[in-house]
Amino acid sequence: NELTPDLITALGFAETARGGLIVRMKRTGLAATAGLQPGMLIVSVDGKKVSNARAAAEALKVGSVERGIVVEAQSAQGLVRAFTLRNTRRPPHLS
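Everything numeric in this text was worked out from a predicted model, so none of it was measured. Counting restarts for each chain: residues are numbered from 1 in the order of the written sequence. In keeping with the model being predicted, local features are shown solely for residues with a pLDDT of at least 70 and side-chain atom pairs are shown and tallied solely at 80 or more, while totals for entire chains, interfaces and linings include all residues. Neither water nor hydrogens contribute to the side-chain values; these are computed over all heavy atoms in the structure.

Asker: I'm lost on the pattern of salt bridges in this one. Help?
Answerer: Should the charged atoms of two oppositely charged side chains come close, the side chains can pair. One side-chain nitrogen of Lys or Arg within 4 Å of one carboxyl oxygen of Asp or Glu is enough to make a salt bridge. Throughout the structure, instances matching the rule amount to one salt bridge. Ionic pairing is found between K61 and E58, a salt bridge with its closest N-O pair at 3.4 Å. One end of the pair, K61, and the other, E58, are both in helix α3 (residues 53–62), three residues apart, so they sit about a helical turn from each other. Helix and strand definitions follow DSSP, with helices as H or I runs of at least four residues and strands as E runs of at least two, each counted in order from the N terminus.

Here it is as structure tokens:
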């Protein structure tokens with residue numbers, strides 16, 4: 001679902017805010033481990049701005065969690081922070 005201007009402002013973001021809203025995530029997943037939280041708005045992935053959830057999802061798919069995917073996310077208060085999604089777990093056959 002796309003964010004409408006009414007929904008964006010209802011969530012506390014500026015009317016001009018654009019990106020992919022984080023609705024839910026696995027508590028032990030890479031995004032949560034990196035510090036991302038539901039309610040944040042993903043505004044860029046690996047330095048490329050994303051304007052909606054579909055663009056954010058596509059950009060995340062092509063990123064490499066082995067190298068690290070840098071996600072910039074905005075809080076409703078307007079603070080933008082960078083988070084790195086990186087797989088630091090060793091595959092079971094290498095443990």
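Asker: Would you take a moment to explain the nonpolar core for this structure?
Answerer: Nonpolar side chains in soluble globular proteins tend to end up buried together. Nonpolar cores were defined as sets of buried Ala, Val, Leu, Ile, Met, Phe, Trp, Tyr and Cys residues, with membership established by side-chain atoms within 4.5 Å. To sort residues, take the accessible area from a 1.4 Å probe on protein chains only and compare it with the maximum for the residue type: under 20% means buried, over 50% means exposed, and anything in between is partly exposed. Grouped together as the largest cluster of nonpolar side chains are 13 residues, with contacts concentrated most on L36, M40, I42, V45, V50 and V71. Listing elements by their share of this core, those giving two or more residues are β2 (41–45), α3, β4 (69–74) and β5 (80–85). If one sorts the elements of this core by residue count, β4 sits on top with three residues. Contact between two residues is taken to exist if any of their heavy atoms lie within 4.5 Å; hydrogens are not considered. When near neighbours in sequence (up to four residues on either side) are disregarded, V71 contacts L36, I42, S44, L60, R81, A82, F83 and L85. Judged by nonpolar contacts, the second largest core, of five residues, contains I8, F13, A17 and V43.

Asker: Honestly, the confidence of the model for the chain in this entry has me stumped. Any pointers?
Answerer: Do not read the predicted coordinates in detail wherever pLDDT is low. In the predicted model, the chain carries a mean pLDDT of 91, and the fraction of residues at 70 or more is 93%. Here helix α1 (residues 5–10) stands out as the least confident element of the chain, with mean pLDDT 90; β4 is the most confident, with 98. Scored from 0 to 100, pLDDT records how confident the predictor is in each individual residue.

Asker: What am I meant to see in the pairing of β5 here?
Answerer: Looking along a regular strand, one sees side chains alternate from face to face of the sheet. A pair of strands is labelled paired if DSSP reports no fewer than 2 bridges between them. When β4 meets β5, the two strands line up antiparallel, connected through six bridges. Residue Q74 lies in a different strand from β5, and its bridge partner there is V80. Between β4 and β5, which follow one another and run antiparallel, lie five residues, and G78 among them has a positive phi close to 100 degrees.

Asker: How should the environment of T28 be read in this particular structure?
Answerer: The topology assignment puts T28 in the loop between β1 (20–21) and α2 (30–34). In this view, T28 contacts T33 and R89; residues no more than four positions away in its chain are not counted.

Asker: Any chance you could explain unusual backbone geometry here in plain terms?
Answerer: With the exception of glycine, most residues fall at negative phi, and the peptide bonds are largely trans. Unusually for a residue other than glycine, D46 sits at a positive phi of about 50 degrees. Summarising the element assignment, D46 is placed in the loop between β2 and β3 (48–49).

Asker: Explain the environment of S64 here, please?
Answerer: The topology assignment puts S64 in the loop between α3 and β4. On the accessibility criterion, S64 (14% relative accessible area) is buried. In this structure the C-alpha to C-alpha distance between S64 and F83, which are 19 residues apart in sequence, comes to 14 Å.

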